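Here is how the chains run, residue by residue.
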Amino acid sequence: MKTLKRTFLIILILLTIGILLRGTLYRNIVAYESIGQRMNYEITNDKLTQYIKENCREKDNADIKEIIKTGLSLTSKILNFTFSKNDCNPNKLIDLQTANCVGYAAFFSTVCNYQLKRHNLSEEWIAQPEIGQIYVFGVNIHRYFNFLFFKDHDFVIIKNKKTKETYAVDPSIYDYLYISFVTLKNNSQ
């Protein structure tokens, strides 16, 4: 009985550490590499504009990390992940409310770019949806899947146009694991 309690306690401690350090663990195990870009969308749907305005605090001096975290939160709040083929235009996703990784990346980058414009940061920063490959312990995992759905994975790079400072996020991973930032291959975050 004593051994069972110790084992249970060790498992509980390891699970707690894993949950608390999930972002750090993920960023040290998983890396993303861009193999192309997707298009950025302009907002044409008033419902999307209203959604952003209703869910963002009005602030004069928002910083880039705050804009990113708000964009992730708004994306996660409205979208539900689907494996089905789905539209990726954020102007339609606001009504559909389901998306795969392509839609998540498009929606997030549109929300982020809208906020950058609102806070007069769009001349300095841009959020760009990227077509990517995921590496786990340095191994490209996409080559192990024969399904068309797993040939790549979309994420977003937010880049400073002047300084080249870069942040990478995976809005679909954020929706499940609440991990805000991810690591770019050959680039430390």
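These numbers were taken from a predicted model, which means no experiment stands behind them.

Participant: Pulling in residues and values, what's your account of the pattern of salt bridges?
Facilitator: Summed over the entire model, instances satisfying the criterion amount to 4 salt bridges. The salt bridge partner of Lys47 is Asp95, with a shortest N-O separation of 2.8 Å. Placement of Lys47 in helix α3 (residues 46-55) and of Asp95 in helix α5 (residues 90-96) is noted, with a sequence separation of 48 residues between them. Using a relative accessible area of 46% as the deciding quantity, one classes Lys47 as partly exposed.

Participant: For the packing of aromatic side chains, give the residues involved together with the corresponding values.
Facilitator: Tallied over the full model, the rule gives 7 aromatic pairs. Ring geometry for Phe81 and Tyr104: centres 5.9 Å apart, planes at 45 degrees, overall tilted. Remark: Tyr104 occurs in helix α6 (residues 101-118) and Phe81 occurs in strand β2 (residues 80-81); sequence separation between them is 23 residues. Tyr104 gets classed as buried once you look at its relative accessible area, which sits at 0%. On the numbers, 6.3 Å between centres and 75 degrees between planes, the contact of Phe81 with Tyr176 is edge-to-face. Residue Phe81 is located in strand β2, and its partner Tyr176 is located in helix α7 (residues 171-177); the two are separated by 95 residues in the primary sequence. Residue class for Tyr176 comes out exposed when judged on its relative accessible area of 55%.

Quick notes on the rules
Starting afresh in each chain, residues are numbered from 1 along the sequence in its written order. Only residues with pLDDT of at least 70 get local features here, since the model is predicted, and only at 80 or more are side-chain atom pairs given and counted; chain-wide, interface and lining totals rely on the full set of residues. The side-chain values count all of the structure's non-hydrogen atoms but skip hydrogen atoms and water molecules. A pairing counts as a salt bridge when a side-chain nitrogen of Lys or Arg comes within 4 Å of a carboxyl oxygen of Asp or Glu. Under the DSSP-based scheme used, a helix requires at least four consecutive residues in state H or I and a strand at least two consecutive residues in state E, with every element numbered from the N terminus. Each residue's exposure class comes from its accessible area (1.4 Å probe, protein chains only) as a fraction of the maximum for that residue type: buried when under 20%, exposed when over 50%, partly exposed otherwise. Classification of ring pairs uses Phe, Tyr and Trp, with its six-membered ring standing for Trp, and accepts pairs whose centres are within 6.5 Å; under 30 degrees between planes counts as stacked, over 60 as edge-to-face, and the remaining range as tilted.

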